[in-house]
Amino acid sequence: MAGGELADGWLRSEAMAPGPERRGRAAEEEPAPLEKAFFQDEDSCSDCSNQDKPGTRLQSFVPEGTTHFPEVFQTSHLLFYERFRAYQDYILADCKASEVREFTAEFLEKVLESSGWRAVWHTNVFEVLVEVIDVDYAALKAVVSLADPYLCDSPVSTFTLECMQELLELKEHRLPLQELWVVFDDSGVFDQTALAIEHVRFFYQNIWRSWDEEEEDEYDYFVRCVEPRLRLHYDILENRVPSGLIVDYRNLLSQCEESYRKFLNLRSSLSNCSSDSEQENISMVEGLKLYSEIEQLKQKLKLIENPLLRYVFGYQKNSNIQAKGVRPNGQKVTHVVASTMMTGLLWSLLRDRLCQEPSKEEIEIQFHGDPLSAINACYEGDTVIVCPGHYVVHGTFSIADSIELEGYGLPDDIVIEKRGKGDTFVDCTGTDIKISSIKFVQHDAVEGILIIHHGKTTLENCVLQCETTGVTVRTSAELLMKNSDLYGAKDFLDEHYDIPKISMVNNVIHNNEGYGVVLVKPTIFSDLQENVQDETEENNALKIQTSEEASAAERVELDELIQCATGKMELYARSDLSEQVEDNCEIVNELVAASTQKGQMKKKRLSELGITQADDNLMSQEMFVSIVGNQFKWNGKGSFGTFLF
């Protein structure tokens, strides 16, 4: 029996049968009858074409191996919402982490047959057929005996009948329910038993963490832990999480489990040490270090488990592709991308791009059939010219060197379409990257269409057809976006804390499901604003740009920034003027306010150390903002919003 397949989950039925009485939302609604609770949505189970027929509504399969086991229930196709409803409405409800085992036991007591069924006991070493004669609900274990005839499958031949009987005696004939796979029965009597065990198995394999009981117990465990972990599990199954992020998450989980195991062992050893011994003091220091390490790992895990923060902050490491630098011979290459090269196109390229200056030194030209291979072949200073055509790529454009990527023609004639859900489309880490005259099309994706980790990226005369976060600018990165068109983003165009340098000139931001532009900043800014209101008038003057105590120079600079955002708007029709000016000004005001608050926070910390600093000049801040002549149209939540984390 393939353990990997079984671990992915088994439930093909609908929501589970009602559990014990629950407080809160579970108690407010009358549970469905037991039978209907399993199979109440006909169209969600393709193999249940006739709901009126008696008998099982589940499929079966034969376990893999050399031994001829009987068929077991096949429950591997449960949908997200089916598991969601089962845990929320019937098993866990609004229980605390410390109550999970109790609630689960009460649920099993209502739906699990206590005896009379057979199961395959599955471990990493062997599989053996057993009969269940009783269930210890509180311990989540079944009391079993070996089935007759004796059936066992193992890569080693040591598991004889006598050996297995001895092993069961050591275990007092009690086996964990999640290690049992119920033998198929077409009468339907044991359907609920198979499904209930599947829920327990899936929960302890994919949702539960050994440290959950030691977390805060004041909050709903389902909302705090079960739902985000369940969503992440299914996002991974559906290839909606970047491959690098999956690796990160699994590594973090392994590290946290290992550190927590060491912490428990250390805590146990401390209880056996004599009071005030040197060994105890050393162990306590080690324990504090382990505790701090575990907390940091848990926070990183929660960051990835959160559906929103997962994509905004959870995957901040740079591309795995490192910069190549200059070629060993110091030469720069021009890469020409064309699906088909005709003589007329080649002549135009030679005239317009490749041989503009006959006296100039000769350059090497390399031809490629797709843009991705051209990007991967680039070194520092290279140029990629993409000829008209529709190119479909399945990988990520990881641009780590300072190169130019330009389309030869209009953006609508040079279309690069990304296939595949998991990873970023264009990933920029180079010092100075220029992209122009290309249309990027993204479908059914989870990562943003363009991410700038660091360095400067200039985007000019481009079209970005998005389905996720649009453009993401990381800390210390810089984006110059001119005469471009961005639409279709489901989340937002976000700028990160610390505030990066961003210029947006003559762009069209439209038809996005959320806001056109979102400033992402920590709640410390919001908290600071509340705290400052209770402090001196001088501090208030720092927070509010229009305060009478603000210097004349500062007011002039703020006015100049706003005028910069509106000066070129006279080119637009009078009917759209006020709206466009308001949108651009709103972004400028928010970014300037965020930068000023950041300066306040820095000065406040310096002041606590006895260091004073008199510099409220807005233009001396780390950030320079140019928001000019942009159009915001038909964005679902408006032109501009702020997200606090």
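Residues numbered from 1 in each chain as written. Predicted model: local features only at pLDDT ≥ 70, side-chain atom pairs only at ≥ 80, totals over all residues. Heavy atoms only, no water.

(A) Molecular detail of the overall build of the chain. Looking only at helices and strands, the chain has 17 helices and 31 strands in total. For the chain, long-range pairs separated by at least 24 residues make up 69% of all intrachain contacts whose partners lie at least 6 apart in sequence. (Helix = DSSP H or I, 4+ residues; strand = E, 2+ residues; numbered from the N terminus. Contact = heavy atoms within 4.5 Å.)

(B) Main features of helix α7 (residues 191-207). With 17 residues, α7 extends 23 Å from end C-alpha to end C-alpha; this agrees with the ideal 24 Å at 1.5 Å per step. Within α7, 15 of the 17 residues are buried, which leaves it mostly tucked inside the rest of the structure. (Expected span 1.5 Å × (residues − 1). Buried < 20%, exposed > 50% of the residue type's maximum accessible area, 1.4 Å probe, protein only.)

(C) The arrangement of helix α12 (residues 343-354) in detail. The terminal C-alpha atoms of α12 lie 14 Å apart, and with 12 residues this falls more than 12% below the ideal 16 Å at 1.5 Å per residue. Here α12 has its buried residues at S348, L349 and L354. All buried residues of α12 fall inside an arc of 150 degrees around its axis, so they share one side. Seen from the buried face of α12, the exposed residues on the opposite side, beyond 90 degrees, are T343 and W347. (Arc of directions from axis to C-beta.)

(D) Main features of the confidence of the model for the chain. Here the chain shows a mean pLDDT of 75. Residues at 70 or above account for 65%. Across residues 491-498 the pLDDT falls below 50, and counting only partners more than four positions away or on other chains, this stretch makes 48 contacts in the model. With pLDDT under 50 throughout, residues 609-624 is counted as low confidence; its partners more than four residues away or in other chains account for 28 contacts. (pLDDT = per-residue confidence, 0-100.)

(E) The packing of aromatic side chains, seen in detail. Scanning the model with the defined rule gives 16 aromatic pairs in all. An aromatic cluster is defined as three or more aromatic residues linked by ring pairs; in this entry it consists of Y87, F203, Y204, W208 and Y221. Stacked on the ring of F202, the Lys or Arg R83 has its end atom at 3.7 Å from the ring centre. Lying over the aromatic face of Y379, K324 brings its terminal NZ or CZ to 4.9 Å of the ring centre. (Phe/Tyr/Trp six-rings, centres within 6.5 Å; stacked < 30°, edge-to-face > 60°. Lys NZ or Arg CZ within 6 Å of the ring centre and 35° of its normal.)

(F) The packing of helix α4 (residues 80-91) against α7, seen in detail. Interaxial distance between α4 and α7 falls to 11 Å at its minimum, and their mutual angle equals 100 degrees. By the angle between their directions, the pair α4 and α7 is classed as roughly perpendicular. Seen from α4, the contacting residues are R83, A86, Y87 and I91; seen from α7, they are E198, H199, F202 and F203. Classifying every residue of the contact of α4 with α7 by side-chain character gives 5 nonpolar, 1 polar and 2 charged. (Axes fitted to C-alpha atoms, helices over the stretch in contact; angles between N-to-C directions. Parallel < 35°, antiparallel > 145°, perpendicular 65-115°, else oblique. Nonpolar A, V, L, I, M, F, W, Y, C, P; charged D, E, K, R; others polar.)

(G) Summary view of empty space enclosed by the protein. For the coordinates displayed, the defined rule picks out 6 cavities of 30 Å³ or more. By volume, the second largest cavity is sized at about 70 Å³. Taken together, R209, W211, D212, E215, R224, C225, R229, K298, L301, K302 and E305 form the lining of the second largest cavity. Taken together, the elements giving at least two residues each to the lining of the second largest cavity come down to α8 (221-237) and α10 (278-305). The biggest single contributor to the lining of the second largest cavity is α10, with 4 residues. (1 Å grid on protein atoms, 1.4 Å probe; cavity = no way out; pocket = protein on both sides within 12 Å on 5 of 7 lines; lining within 4 Å. Points joined across faces, edges and corners; volume = space filled by probe spheres on them.)

(H) Representation of the layout of surface pockets in the model. Space inside the second largest pocket adds up to approximately 500 Å³. Forming the walls of the second largest pocket are 18 residues, and the residues nearest its centre are Q205, N206, R209, Y249 and L253. Those elements that provide at least two residues to the lining of the second largest pocket are α7, α8 and α9 (243-271). Grouping the amino acids of the lining of the second largest pocket by side-chain chemistry returns 8 nonpolar, 5 polar and 5 charged.

(I) Focus on the side chain of N507. Relative to the elements of secondary structure, N507 occurs in the loop between β26 (501-505) and β27 (508-510). A polar side-chain atom of N507 sits 2.9 Å from the main-chain carbonyl oxygen of M481. Contacts of N507, omitting those with residues within four sequence positions, involve M481, K482, N483, S484, G629, N630 and Q631. (Polar contact = N/O pair within 3.5 Å; in protein donor to acceptor, adjacent residues only side chain to side chain.)

(J) Summary view of the sheet that holds strand β24 (residues 485-487). Judged by pairing direction, the sheet is parallel, and its 7 strands sit side by side in the order β12-β15-β18-β21-β24-β27-β30 without closing on themselves. Both outer strands of the open sheet, β12 (389-393) and β30 (631-633), are each paired with one neighbouring strand and no more. Direction aside, neighbouring strands of the sheet carry axes that sit 15 degrees apart on average. Relative to β27, β24 is paired through 3 bridges, and the arrangement is parallel. For L486, the partnering residue across the bridge sits in β27 and is I509. (Pairing = 2+ DSSP bridges.)

(K) Layout of the nonpolar core. Membership of the largest hydrophobic core comes to 55 residues, with the highest contact counts inside it found for L92, W117, W121, L180, F203 and Y221. Top element by residues in this core is α7. It accounts for 8 residues. In contact with L180, other than residues within four places in its own chain, are W117, A119, V120, W121, V130, V132, A142, L175, I197 and R201. Counting residues in each nonpolar core, the second largest holds 48 residues, with I375, I403, L464 and M481 among its members. (Core = buried A, V, L, I, M, F, W, Y, C linked by side-chain atoms within 4.5 Å.)

(L) Seen up close, the pattern of salt bridges. Considering all chains together, one arrives at 14 salt bridges under this definition. Ionic contacts of the salt-bridge type, sharing partners, join the residues R83, E198 and R201 into one network. (Salt bridge = Lys/Arg side-chain N within 4 Å of Asp/Glu carboxyl O.)

(M) Fine view of a nonpolar patch on the surface. A cluster of nonpolar residues, I363, I365 and F367, forms a patch on the protein surface that exposes about 250 Å² of accessible area. Here I363 shows up in the loop between α12 and β10 (364-368). (Patch = residues over 30% accessible without salt bridge, like charges linked within 9 Å, V, L, I, M, F, W, Y side chains within 5 Å. Areas by Shrake-Rupley, 256 points an atom, 1.4 Å probe, with all protein chains shown as cover.)

(N) Structural context of the environment of F80. Relative to the assigned elements, F80 resides in helix α4. The spacing of F80 and Y234 is 154 residues in sequence and 6.6 Å in space, taken between C-alpha atoms.

(O) Seen up close, the state of the cysteines. Per the counting criterion, the structure on display carries 0 disulfides. A disulfide-free cysteine, C152 has its sulfur positioned 8.7 Å from the sulfur of C163, the nearest such atom. (Disulfide = S-S within 2.5 Å.)

(P) The arrangement of the pairing of strand β17 (residues 432-436) in detail. Only one face of β17 is covered, namely the face carrying I433 and I435; the face carrying D432, K434 and S436 is uncovered. Bridge analysis of strand β14 (residues 404-407) against β17 gives 3 bridges, and the strand direction is parallel. Across the sheet, the residue bridging to L405 is I435, located in β17. Sheet analysis places β17 next to strand β20 (residues 455-460), joined by 5 bridges and oriented parallel. Note that in β20 the partner of I435 across the bridge is L459.

(Q) Layout of unusual backbone geometry. Cis geometry is found at the peptide bond from D148 to P149, where omega equals 5 degrees. Examined against the element boundaries, P149 turns out to sit in the loop between β5 (141-146) and β6 (152-153). For E172, which is not glycine, the phi dihedral falls at a positive 55 degrees. Positionally, E172 belongs in the loop between α6 (161-170) and β7 (174-176). Backbone geometry places N483, a non-glycine residue, at a positive phi of 50 degrees. Within the element layout of this structure, N483 appears in the loop between β23 (477-482) and β24. Accessibility expressed as a relative area gives 39% for N483, which makes it partly exposed.

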